[in-house]
Amino acid sequence: MAYELRATISTPGNADFVLYSNGSIWVGTSTNVFRIDLVTLAVTTIFTGVCSTNLVEDQYGYIWFLSFTATLQRIDPSNNSITTFTVVSGQNTHNRLSLALGELWVTVTNPPNSVDVYRVDPSTGVATYSFTTTGSSGSVAAPNSFLLNRTGISGFLAQVLQVILWVN
């Protein structure tokens, strides 16, 4: 299969996170979040500020990311508007965002060695459950990602023990 370079597009800053959704390419950088229209190749600045996590799309078509202060941002692709949700105040290091089973999962590091995990309902932006995990090495422990294949708290807790990957 052959490919052909048809255009190059410049955005200020390095592309740290990229997502294809809604006929656009979404780019998160250390200074902004951009939307690139694949028809016109227009670059639109959607958010000014640090995009500190990957970009994910929920089942409703919204684009989510965490800004530097663990503030959850939701982009509505129909009009590029942003709604802000505060999961936890004042935390700005080693935060992660995942989407599994239709729920957003936010991890927030609490030095020296614990991590708070929040389940966020994407339809409301409300954190519906949280728990704290601790690392055994004395260093900051941060879940990199987790995969869930069951629902319910007991099934979830059993899965968390099996599938959280630690980054020390």
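Structural data are supplied above this passage.
Now for a look at the structure at hand. Remember, it's a predicted structure, so these values are computed and weren't measured experimentally. (Residues numbered from 1 in each chain as written. Predicted model: local features only at pLDDT ≥ 70, side-chain atom pairs only at ≥ 80, totals over all residues. Heavy atoms only, no water.)

### Considerations on the packing of aromatic side chains
Stage number 1. This model, assessed by the stated rule, comprises two aromatic pairs.
Stage number 2. Measuring from centroid to centroid gives 5.0 Å for Phe-47 and Phe-65, while their planes differ by 70 degrees, and the two rings are edge-to-face. A residue pair is termed long-range when its members are at least 10 positions apart, and Phe-47 in strand S4 (residues 43–48) and Phe-65 in strand S6 (residues 63–66) qualify at 18 residues. Note on accessibility: Phe-47 and Phe-65 belong to one class, buried. (Phe/Tyr/Trp six-rings, centres within 6.5 Å; stacked < 30°, edge-to-face > 60°. Helix = DSSP H or I, 4+ residues; strand = E, 2+ residues; numbered from the N terminus. Buried < 20%, exposed > 50% of the residue type's maximum accessible area, 1.4 Å probe, protein only.)

### Comments concerning a nonpolar patch on the surface
Stage number 1. A cluster of nonpolar residues, Ile-9, Leu-41 and Val-43, forms a patch on the protein surface that exposes about 190 Å² of accessible area.
Stage number 2. Residue position: Leu-41 is located in the loop between strand S3 (32–37) and S4.
Stage number 3. Classification of Leu-41 as partly exposed rests on a relative accessible area of 34%. (Patch = residues over 30% accessible without salt bridge, like charges linked within 9 Å, V, L, I, M, F, W, Y side chains within 5 Å. Areas by Shrake-Rupley, 256 points an atom, 1.4 Å probe, with all protein chains shown as cover. Salt bridge = Lys/Arg side-chain N within 4 Å of Asp/Glu carboxyl O.)

### Some words on the sheet that holds S3
Stage number 1. Across the sheet, which stays open at both edges, the four strands sit in the order S1-S2-S3-S4 with antiparallel pairing between neighbours. If you trace the sheet from one side to the other, it starts and ends with strand S1 (17–21) and S4, each paired once. The average undirected angle you get between the axes of adjacent strands in this sheet is 20 degrees.
Stage number 2. In the sheet, S3 pairs with S4 via five bridges, with the strands oriented antiparallel. (Pairing = 2+ DSSP bridges. Axes fitted to C-alpha atoms, helices over the stretch in contact; angles between N-to-C directions.)

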